Structures are given as C-alpha cells and as structure tokens.
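Now for the letters of each chain:
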Amino acid sequence: MASRQPIRRTARCPTDVTDAQWAELDPLLPDPACPAGRGGRWEKHCRRVIVDAILHVVDNGIKWRALPVDFPPWQTVYKRFAAWETAGRRSRAASATSSWTAWACCWPCR
C-alpha cells in the first residue's frame, strides 16, 4: 500500500527555510484539500519543498524550467506559487517574517 506522506527531498540549499521559519510560514499556507475533506488528490510533494523551490527560483534568478532536479517538477512548483499568489498568501507570508523579503519583492520570471 502506498504511503500518503508527501515526498521530501534530502538535498539542502542555502535558500531552504529553517525549521523556525517553517513554523511561522506553515500556518499561513492553505491546508491541502484532500485531508480537509474538500476533495482533490493527496499531495505528492511536501509544501515545505515547494516553498524551498520557490525561494530557490527567486534567490538565484533562474527560470522556472531551470529548477534543479532534486526539487519537484517546475510545473508543480509554479502552479502552487500562482495559486498562493492568487489567494494572497505571498503577502501574508512576506509580512510574517523578514526572511521572505525576496519573495515579497520579486515576481520570478516565467
């Protein structure tokens, strides 16, 4: 039987959020739909990994398609970023912690 735990990557980059930063940011992100009873699929990739990938794109100024292979697929990362942007999560996350100023100030190239 397959595990319902999202996939976490093992490699760490300087742009990855720390445990303390994640403790501040996690409550600001929307809960996954499936466990909350709103339908949808189980998450394949951990939200923290998605955030790490977004910060990697922003910090390094790379294109979405140039995201390293140890992150989730760039399409997945971009879709989640766009959904959170539409929901206003980026501004909430940026105001919650100063470490997110790069995400607050930059819109990554598409």
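Residues numbered from 1 in each chain as written. Predicted model: local features only at pLDDT ≥ 70, side-chain atom pairs only at ≥ 80, totals over all residues. Heavy atoms only, no water.

> Which residues make up the nonpolar core, and what values go with them?
Judged by nonpolar contacts, the single largest core of 17 residues is most densely connected at V51, I54 and V77. Of all the elements in the fold, those that place two or more residues in this core are α1 (19–25), α2 (47–60) and α3 (74–86). (Core = buried A, V, L, I, M, F, W, Y, C linked by side-chain atoms within 4.5 Å. Buried < 20%, exposed > 50% of the residue type's maximum accessible area, 1.4 Å probe, protein only. Helix = DSSP H or I, 4+ residues; strand = E, 2+ residues; numbered from the N terminus.)

> Could you give an account of α2, naming the residues involved and the relevant values?
The end-to-end C-alpha distance of α2 is 20 Å, a good match for the 20 Å that 14 residues give at a rise of 1.5 Å each. Taking burial as the measure, the 14 residues of α2 include 12 buried ones, the bulk of the element. Of all the residues in α2, the buried ones are R47, R48, V49, I50, V51, D52, A53, I54, L55, H56, V57 and V58. (Expected span 1.5 Å × (residues − 1).)

> Could you give an account of α3, with specific residues and numbers?
For α3, which comprises 13 residues, the first-to-last C-alpha distance of 18 Å matches the rise-based estimate of 18 Å (1.5 Å per residue) to within 8%. At the C-terminal side of α3, G88 shows a positive phi close to 80 degrees.

> Talk me through the pattern of salt bridges; I want residue IDs and the actual numbers.
Under the criterion given, the structure shown has two salt bridges. Between R48 and D19 there is a salt bridge; the shortest N-O distance is 2.9 Å. Of the two residues, R48 sits in helix α2 while D19 sits in helix α1, which places them 29 residues apart along the sequence. You can call R48 buried: its relative accessible area is 7%. Overall, the relative accessible area of 58% leaves D19 in the exposed class. (Salt bridge = Lys/Arg side-chain N within 4 Å of Asp/Glu carboxyl O.)

> Account for the packing of α2 against α3, naming residues and giving values.
Their axes nearest at 10 Å, the elements α2 and α3 cross at an angle of 90 degrees. Taken together, the axes of α2 and α3 lie roughly perpendicular to each other. Along its contact with α2, which presents R47, I50, V51, A53 and I54, the element α3 presents T76, V77, R80, F81 and W84. Taken together, the residues that form the contact of α2 with α3 break down as seven nonpolar, one polar and two charged. (Axes fitted to C-alpha atoms, helices over the stretch in contact; angles between N-to-C directions. Parallel < 35°, antiparallel > 145°, perpendicular 65-115°, else oblique. Contact = heavy atoms within 4.5 Å. Nonpolar A, V, L, I, M, F, W, Y, C, P; charged D, E, K, R; others polar.)

> Summarise the packing of aromatic side chains; cite the residues concerned and give the values.
Per the stated rule, a full pass over the model turns up two aromatic pairs. Summarising the aromatic geometry, the rings of W64 and Y78 are spaced 5.2 Å apart at their centres and angled 75 degrees between planes, so their arrangement reads as edge-to-face. Taken together, the positions of W64 in the loop between α2 and α3 and Y78 in helix α3 put the pair 14 residues apart, joining distant regions of the chain. Taking 5.6 Å as the distance between ring centres and 45 degrees as the angle between the ring planes, the aromatic pair formed by W64 and F81 counts as tilted. Of this pair, W64 sits in the loop between α2 and α3 while F81 sits in helix α3, placing them 17 residues apart in sequence. Here W64 matches F81 in class, with each residue buried. By way of ring pairs, the aromatic residues W64, Y78 and F81 are connected into one cluster. (Phe/Tyr/Trp six-rings, centres within 6.5 Å; stacked < 30°, edge-to-face > 60°.)

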